[in-house]
Amino acid sequence: MCVRSCFQSPRLQWVWRTAFLKHTQRRHQGSHRWTHLGGSTYRAVIFDMGGVLIPSPGRVAAEWEVQNRIPSGTILKALMEGGENGPWMRFMRAEITAEGFLREFGRLCSEMLKTSVPVDSFFSLLTSERVAKQFPVMTEAITQIRAKGLQTAVLSNNFYLPNQKSFLPLDRKQFDVIVESCMEGICKPDPRIYKLCLERLGLQPSESIFLDDLGPNLKEAARLGIHTIKVNDPETAVKELEALLGFTLRVGVPSTRPVKKTMEIPKDSLQKYLKDLLGIQTTGPLELLQFDHGQSNPTYYIRLANRDLVLRKKPPGTLLPSAHAIEREFRIMKALANAGVPVPNVLDLCEDSSVIGTPFYVMEYCPGLIYKDPSLPGLEPSHRRAIYTAMNTVLCKIHSVDLQAVGLEDYGKQGDYIPRQVRTWVKQYRASETSTIPAMERLIEWLPLHLPRQQRTTVVHGDFRLDNLVFHPEEPEVLAVLDWELSTLGDPLADVAYSCLAHYLPSSFPVLRGINDCDLTQLGIPAAEEYFRMYCLQMGLPPTENWNFYMAFSFFRVAAILQGVYKRSLTGQASSTYAEQTGKLTEFVSNLAWDFAVKEGFRVFKEMAFTNPLTRSYHMWARPQSQWCPTGSRSYSSVPEASPAHTSRGGLVISPESLSPPVRELYHRLKHFMEQRVYPAEPELQSHQASAARWSPSPLIEDLKEKAKAEGLWNLFLPLEADPEKKYGAGLTNVEYAHLCELMGTSLYAPEVCNCSAPDTGNMELLVRYGTEVQKARWLIPLLEGKARSCFAMTEPQVASSDATNIEASIREEDSFYVINGHKWWITGILDPRCQLCVFMGKTDPHAPRHRQQSVLLVPMDTPGIKIIRPLTVYGLEDAPGGHGEVRFEHVRVPKENMVLGPGRGFEIAQGRLGPGRIHHCMRLIGFSERALALMKARVKSRVAFGKPLVEQGTVLADIAQSRVEIEQARLLVLRAAHLMDLAGNKAAALDIAMIKMVAPSMASRVIDRAIQAFGAAGLSSDYPLAQFFTWARALRFADGPDEVHRATVAKLELKHRI
Ligand SMILES: Cc1cc2nc3c(=O)[nH]c(=O)nc-3n(C[C@H](O)[C@H](O)[C@H](O)COP(=O)(O)OP(=O)(O)OC[C@H]3O[C@@H](n4cnc5c(N)ncnc54)[C@H](O)[C@@H]3O)c2cc1C
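Because the structure is predicted, anything quoted here is derived from the model rather than measured.

As for the sheet that holds strand S11 (residues 360-364)
Next up, step 1: Sheet architecture is open: six strands sit in the order S6-S7-S8-S9-S11-S10, paired in antiparallel fashion. One side of each edge strand has no neighbouring strand; the edge strands of this open sheet are strand S6 (256-257) and strand S10 (346-350).
Next up, step 2: Both strand S9 (residues 307-313) and S11 contribute to a ladder of five bridges, which runs antiparallel. In the strand pairing of S11, Leu311 is matched with Val362.
Next up, step 3: Packed on one face of the sheet, helix H12 (residues 267-278) meets strand S7 (287-291), strand S8 (299-304), S9, S10 and S11 and runs near 125° to S10.
Next up, step 4: Contacts from helix H13 (residues 326-338) reach S9, S10 and S11, with the element oriented near 150° to S10.

Considerations on unusual backbone geometry
Next up, step 1: The step from Ala758 to Pro759 runs through a cis peptide bond, and the omega angle for that step is 0°.
Next up, step 2: One can find Pro759 in the loop between helix H27 (750-753) and helix H28 (760-770).
Next up, step 3: A positive phi is found at Asn715, a non-glycine position, where the angle reads about 50°.
Next up, step 4: Structurally, Asn715 is set in the loop between helix H25 (699-710) and helix H26 (734-744).
Next up, step 5: Note on Asn715: relative accessible area 0%, which makes it buried.

Focus on the site of the ligand
Next up, step 1: What surrounds the ligand is a group of 18 residues, the closest being Phe792, Thr795, Ser802, Trp826 and Thr828.
Next up, step 2: A distance of 3.2 Å is found between an oxygen atom of the ligand and a backbone nitrogen or oxygen belonging to Ala1039.
Next up, step 3: Sorting the residues of the shell around the ligand by element identifies strand S16 (789-793), strand S18 (817-828), helix H33 (1026-1039) and helix H34 (1043-1057) as the ones contributing at least two each.
Next up, step 4: Looking at the shell around the ligand, its residues break down into 12 nonpolar, five polar and one charged.
Next up, step 5: Structurally, the shell around the ligand is a two-domain feature, drawing no fewer than three residues from each of domain 4 (656-909) and domain 5 (914-1056).

Some words on the packing of aromatic side chains
In this description, an aromatic ring pair is defined by two values, namely the gap between the centres and the angle between the planes.
Next up, step 1: This structure, assessed with the given rule, holds 28 aromatic pairs.
Next up, step 2: Measuring from centroid to centroid gives 5.0 Å for Phe159 and Phe167, while their planes differ by 5°, and the two rings are stacked.
Next up, step 3: Each member of the aromatic cluster is reached from another via a ring pair, and the members are Trp88, Phe91, Phe101, Phe105, Phe123, Phe159 and Phe167.
Next up, step 4: The ring of Tyr411 has Arg328 sitting right over it, with the charged end atom 3.9 Å from the ring centre.

A word on the environment of Glu264
Next up, step 1: The residue Glu264 is located in the loop between S6 and H12 in this model.
Next up, step 2: You can call Glu264 partly exposed: its relative accessible area is 48%.
Next up, step 3: Along the backbone, Glu264 and Ile356 are 92 residues apart, and their C-alpha atoms lie at a distance of 9.3 Å.

A few points about the sheet that holds strand S2 (residues 151-156)
Next up, step 1: Here we have five strands laid out as an open sheet, ordered S3-S2-S1-S4-S5, and parallel in their pairing. Looking at the sheet topology across the chains shown, the edges are occupied by strand S3 (177-180) and strand S5 (227-230). On average, each strand axis in the sheet is inclined to that of its neighbour by 20°, with strand direction left out of account.
Next up, step 2: Sheet analysis places strand S4 (residues 208-212) next to S5, joined by four bridges and oriented parallel. Bridge pairing in S5 links Leu211 to Ile229.
Next up, step 3: Relative to the sheet, helix H9 (residues 191-201) contacts strand S1 (44-47), S2, S3 and S4, its axis offset from that of S3 by approximately 160°.
Next up, step 4: Helix H10 (residues 215-224) contacts S4 and S5 of the sheet and is inclined by roughly 165° relative to S5.

Considerations on the packing of helix H7 (residues 136-147) against helix H11 (residues 234-245)
Next up, step 1: Their axes nearest at 10 Å, the elements H7 and H11 cross at an angle of 15°. Taken together, the axes of H7 and H11 are roughly parallel relative to one another. Between H7 and H11 the crossing geometry is left-handed. On the side of H7, the interface is formed by Val137, Met138, Ala141 and Ile145, while H11 contributes Pro234, Glu235, Val238, Leu241 and Leu245.
Next up, step 2: Partitioned by chemical class, the residues of the contact of H7 with H11 number eight nonpolar, no polar and one charged.

Procedures and definitions
Residues numbered from 1 in each chain as written. Predicted model: local features only at pLDDT ≥ 70, side-chain atom pairs only at ≥ 80, totals over all residues. Heavy atoms only, no water. Pairing = 2+ DSSP bridges. Helix = DSSP H or I, 4+ residues; strand = E, 2+ residues; numbered from the N terminus. Contact = heavy atoms within 4.5 Å. Axes fitted to C-alpha atoms, helices over the stretch in contact; angles between N-to-C directions. Buried < 20%, exposed > 50% of the residue type's maximum accessible area, 1.4 Å probe, protein only. Near = heavy atom within 4 Å. Polar contact = N/O pair within 3.5 Å; in protein donor to acceptor, adjacent residues only side chain to side chain. Nonpolar A, V, L, I, M, F, W, Y, C, P; charged D, E, K, R; others polar. Domains from an automatic or database assignment. Phe/Tyr/Trp six-rings, centres within 6.5 Å; stacked < 30°, edge-to-face > 60°. Lys NZ or Arg CZ within 6 Å of the ring centre and 35° of its normal. Parallel < 35°, antiparallel > 145°, perpendicular 65-115°, else oblique. Left-handed = near helix turned anticlockwise from the far one by under 90°.

Following this line, the structure appears as structure tokens:
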């Protein structure tokens, strides 16, 4: 399948490129091998079915997985599960029915993914008429084989359908022998079934050739003496078969068919025109075929007097002025041929509609090879590399054409190509939009803000891909570049990026086969980065830094095209059978585009921060909004400017303006983001929390998360000390983060938007510090990516949990599992449907010393036995969707490898986890307080009571002053604790941490309370964030341990160290 079959818009009609297929080469290859073998003794060809005659279950599964967002490879893994005795093989031997198979298989997949998998829909797709269709190339081959008097057979592992018929979607008449595993009760690679097939054919093994896509099946056949062909791609396999048999298996011009009635053109008139054009007197009859593709600009193959030609014409009827511009195609190919670019040789443009009814042009048919599969099956690695290099070289050639010399200066507008393209494709997308696709919306905002400065204007092809190139049959040389319909003048880097699309798509991608799941090194194919480098080197350009932008744009464009096809499929305009399916992939492609946008943002920030070289990081950054000037920054004393990055380690940085330039820039970016995105979203987020849908995450939050990612405002929390290589986070010091965290704290929603909210931050830090690589891969990565959430379960209703040694939940060893029993409550976040991990604290050994009894286990939330009893409320607030749950753990079995650090280490972990985590709450509390004071000041200036504005009342002034002083005191203490943690470590900062824990929540409660008082009753309502701020400030006098416990710590340390 090719993407062109889906792109049927007037602008994007795929046209005549299939005219250049490779029958000549096939003949050549066939005869060469035949000679080499010295004659055929083969008398039958035996075909496997799935993967040879029809698409393989693996390929269908891959397509289905993409569409259903099931992790790639799940189905294949489940099909192979259990080997000979797995459900799939038993189904093939008819030992279980279709229903039984689906039951077992569904269970298997669900166990693998820990969620239910709709295997019925996969089975329906697998057996659907649309998918289970014989490859035309195989039909043609079978016809030729039988015409030569050889026998054909199917030897298939297949199954009974629920209607008791065996699944064999083939024309049985094509085969002399059909052997089906479900009928015989034997499956390949069992040798008996091959013998049975040979017996029915009446042949010896050496007299037959067997084609299968699976290695073990071929191996067994070869062991029996049958000649085998491994089928990766049906076309390549047919070529190999031709070589063995020594005769052609395909006749005619590939991808052509008799001309449709509605597409007929007057042959006599055409013949007369061609005779004049070619200067020939006598000819035989004119042979005319139509190419399968090209309904937009119908395209014909012509054979006349031994000349192979291609004619491409406008469609009949009234046309839009800019559409179907075949004159442009003719012009560019003619001009480029003069500049030495390999293009088909165009012969004439006939604009006289009286000849065949519409204008048309004629060119020579260019035989050669078109590689439809970008993984280039069947080639040597060095050959593959050479093919990609040749592709790169020809692109450089196109981009090096001297526009003036070939008269193409006016072929398009000079400059501003990308901005114009973005506008065009946004417009096209909007015109065909059928529902809101979040990634498209984000891209539509992001792309115009991140436009690159165009360095050069050259000819751009507009659809430069491997399967638009005709290659020499033997040499890695491009004979012709096809499909110039989208060509214009523009930014050449767009072509380079576009030619790498396949690198990022899976091989199963339904409309454009990709190679992202192939081992490129092994195949010899240059990775996209190398391809870009190669291009720059050949063009003599410096490396392209912002190619992620170009990739984002290229995928955006494809997504817009796919959406157009989809829309037309809904209105019945698109003729492609794949149109509907294609359109559904818009979302998938737009997500890919967005991934590149995020990567680009990350790159820009990394450069700005002049930190370490590009290591893998989950911390994403975006281009700064340099035009934005911060307003309303805090005005208190500042430390001298322009300290280099992270000099905050040296002196205490008490104001954001004294942060190092990159962090200061980050601070302002966050501030801008808060003002532009977060505060305006608060009313909607708040009403979601009060709605019936509140136990599901707000889509707006998810959208804001993506935007924060792209702005580089993501995972800021992990302290440099815990993540010195900045593998997982921004690598900020605690002091730097304190300023940013305070800013996030001014909104209840910002911490989650920036993936900096509790309890995930503490849990992520726990995993970074103590997790094994396997634990990190399973839990840390989805948390860092914001795809999952987590909770921490320690507190129990039966015991005073401020003393963690009281915890009673039991963790008992049983074989290779731990079994948990316990009753917990106040578990923040446990009700969130995204919550996948519970970090559980319980006792493994009640007899060990007091601080060695506890252990920490990672418990997947879908483990049976976790029973949520109810959501608790805080002053009546539910805090949905995460909530605070009361929950029972009843015989919850967790594999032993889910233990963190080891049995008895729970206390140690809890202490480590709560180091920076504790201070984060305090930083946010300062943010609550600042916002409350700001709201209060605005309110009292605008309200008049008893003849004067409230702000003139002495008590109000006193409250404002008191609040300002308390905030500043608390902030200094928070910054001091953070500074000490940076300089001397969490342990050394224990006293300071305890002090701020003691101070911050009650300070915030007082400041917010004063603001509420100044607001009047409105302050208690949900029209302002004050009531919620107050609630959480109050709750935080427990949530991280009661005030009294922190006071006790301060006193203990004071007495110990300061006599
Ligand atoms: C909003 C919210 C979210 C929470 N989220 C989580 C969570 O995600 N996971 C989790 O495990 N827990 C969570 N908790 C629970 C919280 O950690 C506990 O409430 C806290 O540790 C206190 O335990 P307790 O409620 O059992 O109080 P108790 O231990 O019963 O203490 C009751 C009171 O006794 C007094 N007291 C205790 N110790 C001393 C002392 N040394 N000196 C003097 N007085 C003392 C204090 O006044 C204290 O408030 C949350 C709580 C809240 C309010």
